[in-house]
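Structural description and commentary
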Amino acid sequence: MDLNEPESSADGLQPQPSDPGASVTRSVSRGKLVMGAVLAIIVVGGLYLINRYWIKPALMTQANGGGEHPEAPAISLTDIEGKRLDLSDYKGKVVVLDFWATWCAPCREEIPGFVEMQEKYASQGFSVIGVSMDDEPGPVVEFYKEFKMNYPVAVGNPRIGELYGGILGLPTTFLIGRDGRIYAKHTGGVNPALIEEEVQQLLAMSPNAERIDFKPALLVGTTTKVELGDPAAIDSEIPGLNLTKLTAEQKDTLKKQLSEQHCPCGCNLTLLKCRQVDRACQISLKLAREQMEKILKSGAGG
Amino acid sequence: MITKTFLGLLLPLVVVSTAVWAQAPGEVVKAKVTMAQGVARPDSIVKAAVEVEVLPGYHINDHHPTLDYLIPTEVKLDPIKEVTGKNIIYPKGELRKFAFSDTPLSVYEGKVQVEVALQLDRKALPGDYEVKGKLAYQACNDHACLPPTSVPLSFPFKVARHGD
């Protein structure tokens, strides 16, 4: 009997009873079915494992920044009512840290939602903190009153923006857990219901343990990777440049070179001065970094 | 079949990855000055055009924005004694509706032009001059806004002698 003989019906599921080889064929077909089932289980199991350990963490990583929840950089400001505003005082609470400005239409749209959230969840250990990126407090105070803001608001500064990775678009909202870690970052206006969903998850977490199964309400759109600034570069004598790898002589060489070059950004200053007075200038930052890299590579000045 | 299933599973991942909205740092507005004439006489008018180009997907506010809290687009000039007056004509903005606002906003998108006219002093001495200035603007896209910033501008011209 030829076991390779083609089967009489599709998939060999209906062998002819009169066929003397039918029982063998049936047993071969059953074997194929079992193998198929095993293969299917392997495939489904494999896909589950791929999803569980590869795709899902990849999406979480994308939303949360390296799959880790970095510690929120310290903020110490005076709020618009003249009170001290220290982020460290909020440890144990869930915080929505909102970088905004009065001239920013999408920021203004979000604020009534934050006022509602503050009202609803403050008793559960929650607070919104507003850091305005306006140049002056006047319009902020006016807005605060007009919109009946019920949470602390302070006027920020470029250094705070840099510590939080550079606030390139407003609004930028960070969700901070009870453990003081950043769980999500949204750049641009977000539906308040989605922020609320994330707040509810964070409110449910233990104050002492990092909640690793935090699920961002948004995986696409405005959810962006959390990348914090380098304090050594932010607090440097040449803002934006981490000078810790340079020797004292190399630092002097760099400063000398930067003070001899004109910044082409239109400020009419040297590169060094531009860095010192306009931390946001990307042109002087790029050129100064290039100069520093050259010195580091050549070993000049040291 | 496995390959197809696998690819089918990966495809949404690829779509999700590329759909993540990112905002690049750097400028979203370019501006160029074109002088109508390089040489002018004392007590005459020097005309120039500021060509403004806004990156696709972004807008900047009209010089007369719809809402009072919005920062207007403005050409600002540093004074020099040879220029006694100026007239700046801004284009009319386009009314656009954005996801973040129920009110349509008057904005500039794409390419627009601002006309600048400088009145020269009748006592202006012959020579080369430059009026420096900037285009101040505040840009947004459909989701977020960038901080107010500016592009430097330069208006170079030559004052000729009366008889030249």
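Residues numbered from 1 in each chain as written. Chains lettered and ligands numbered in written order. Predicted model: local features only at pLDDT ≥ 70, side-chain atom pairs only at ≥ 80, totals over all residues.

**Quick look at the overall build of chain A**
On a plain count of helices and strands, chain A comes out with nine helices and seven strands. Of all 302 residues assigned to chain A, the portion counted as buried reaches 33%. Partitioning the contacts of chain A with sequence separation of at least 6, the portion at a separation of at least 24 is 64%. (Helix = DSSP H or I, 4+ residues; strand = E, 2+ residues; numbered from the N terminus. Buried ≥ 20, exposed ≤ 12 C-beta atoms within 10 Å, placed from the backbone. Contact = placed C-beta atoms within 7 Å.)

**Details of the sheet that holds strand E8 (residues 105–108) of chain B**
Reading across the sheet, the four strands line up as E7-E8-E4-E11 (chain B) and stay open at both edges, with antiparallel pairing between neighbours. Taken across any chain shown, the strands that pair with only one partner, and hence form the sheet edges, are strand E7 (94–96) and strand E11 (139–140) of chain B. (Pairing = 2+ DSSP bridges.)

**So, the packing of helix H2 (residues 105–121) of chain A against helix H5 (residues 192–203) of chain A**
What describes two packed helices is the angle between their axes and the distance between those same axes. Residues and elements named next belong to chain A. At a minimum axis distance of 10 Å, the contact between H2 and H5 shows a crossing angle of 30°. One way to sum up the angle between H2 and H5 is to call them roughly parallel. Helix-helix and strand crossings are classified by hand; for H2 and H5 the assignment is right-handed. Across the interface between the two elements, Glu110, Gly113, Met117 and Tyr121 of H2 pack against Pro192, Glu196, Val199 and Leu203 of H5. (Axes fitted to C-alpha atoms, helices over the stretch in contact; angles between N-to-C directions. Parallel < 35°, antiparallel > 145°, perpendicular 65-115°, else oblique. Left-handed = near helix turned anticlockwise from the far one by under 90°.)

**Here we look at the sheet that holds strand E1 (residues 29–35) of chain B**
All names here are of chain B. Pairing is antiparallel in the open sheet, where four strands are placed in the order E1-E3-E9-E6. Only two strands of the sheet have a single neighbouring strand rather than two, namely E1 and strand E6 (83–89). Taking the axes of each pair of neighbouring strands and ignoring which way they run, one obtains an average angle of 20° across the sheet. In this sheet, strand E3 (residues 45–54) lies alongside E1 in antiparallel orientation, the contact comprising seven bridges.

**A look at the pairing of strand E12 (residues 149–159) of chain B**
Residues and elements named next belong to chain B. Sheet analysis places strand E2 (residues 39–40) next to E12, joined by two bridges and oriented parallel. Residue pairing for E12: Val39 is matched across the bridge by Lys158. Judged from the eleven bridges that link them, strand E10 (residues 127–137) and E12 form a sheet pairing that is antiparallel. Bridge pairing in E12 places Val131 opposite Phe155.

**Concerning the domain arrangement of chain A**
Residue and element names in this part refer to chain A. One can read the domain layout of chain A as domain 1 (24–64), domain 2 (76–203) and domain 3 (231–298). Taken over C-alpha atoms, the centre of domain 2 sits 32 Å from the centre of domain 3. Counting residues at the interface gives four residues for domain 2, matched by four residues for domain 3. Per-class residue counts for the side of domain 2 that touches domain 3 are two nonpolar, no polar and two charged. (Domains from an automatic or database assignment. Nonpolar A, V, L, I, M, F, W, Y, C, P; charged D, E, K, R; others polar.)

**With respect to H2 of chain A**
All names here are of chain A. If you check H2, its first and last C-alpha atoms are 25 Å apart, about what 17 residues at 1.5 Å a residue would give, namely 24 Å. At Ile111, H2 shows its strongest bend, of approximately 30°, with the proline Pro112 following within four residues. Three or more residues of H2 are buried, namely Ala105, Pro106, Cys107, Arg108, Glu110, Ile111, Phe114 and Met117. (Expected span 1.5 Å × (residues − 1). Bend = angle between axes of the 7 residues up to and from the residue.)

**A look at helix H9 (residues 282–298) of chain A**
All names here are of chain A. Its 17 residues give H9 an end-to-end C-alpha distance of 24 Å, which sits within 8% of 24 Å, the value for a rise of 1.5 Å per residue. Those residues of H9 lying buried are Ser284, Leu285, Ala288, Met292 and Ile295. Down the axis of H9, the buried set is contained in an arc of 100°. They therefore lie on one face. Turned more than 90 degrees away from the buried face of H9 sit Lys286, Glu290, Glu293, Lys294, Lys297 and Ser298, all of them exposed. Where H9 is buried, its residues contact helix H7 (248–260) and helix H8 (271–277). Following H9 by one or two positions, Gly299 adopts a phi angle in the positive range, close to 75°. (Arc of directions from axis to C-beta.)

**Some words on the confidence of the model for chain B**
All names here are of chain B. Across chain B, pLDDT averages 85, with 82% of residues at or above 70. Scored below 50 in pLDDT, residues 1–25 makes 22 contacts in the model with residues more than four places away or belonging to other chains. If you check the scores for this complex, the pTM reads 0.72 and the ipTM reads 0.79. (pLDDT = per-residue confidence, 0-100.)

**Here's the deal with the environment of Val115 of chain A**
Residue and element names in this part refer to chain A. Along the chain, Val115 falls in helix H2. Distance in space between the C-alpha atoms of Val115 and Met292 is 46 Å, their sequence separation being 177 residues. In this structure, Val115 is in contact with Phe147, Lys148, Met149 and Asn150, ignoring residues within four places of it in sequence.

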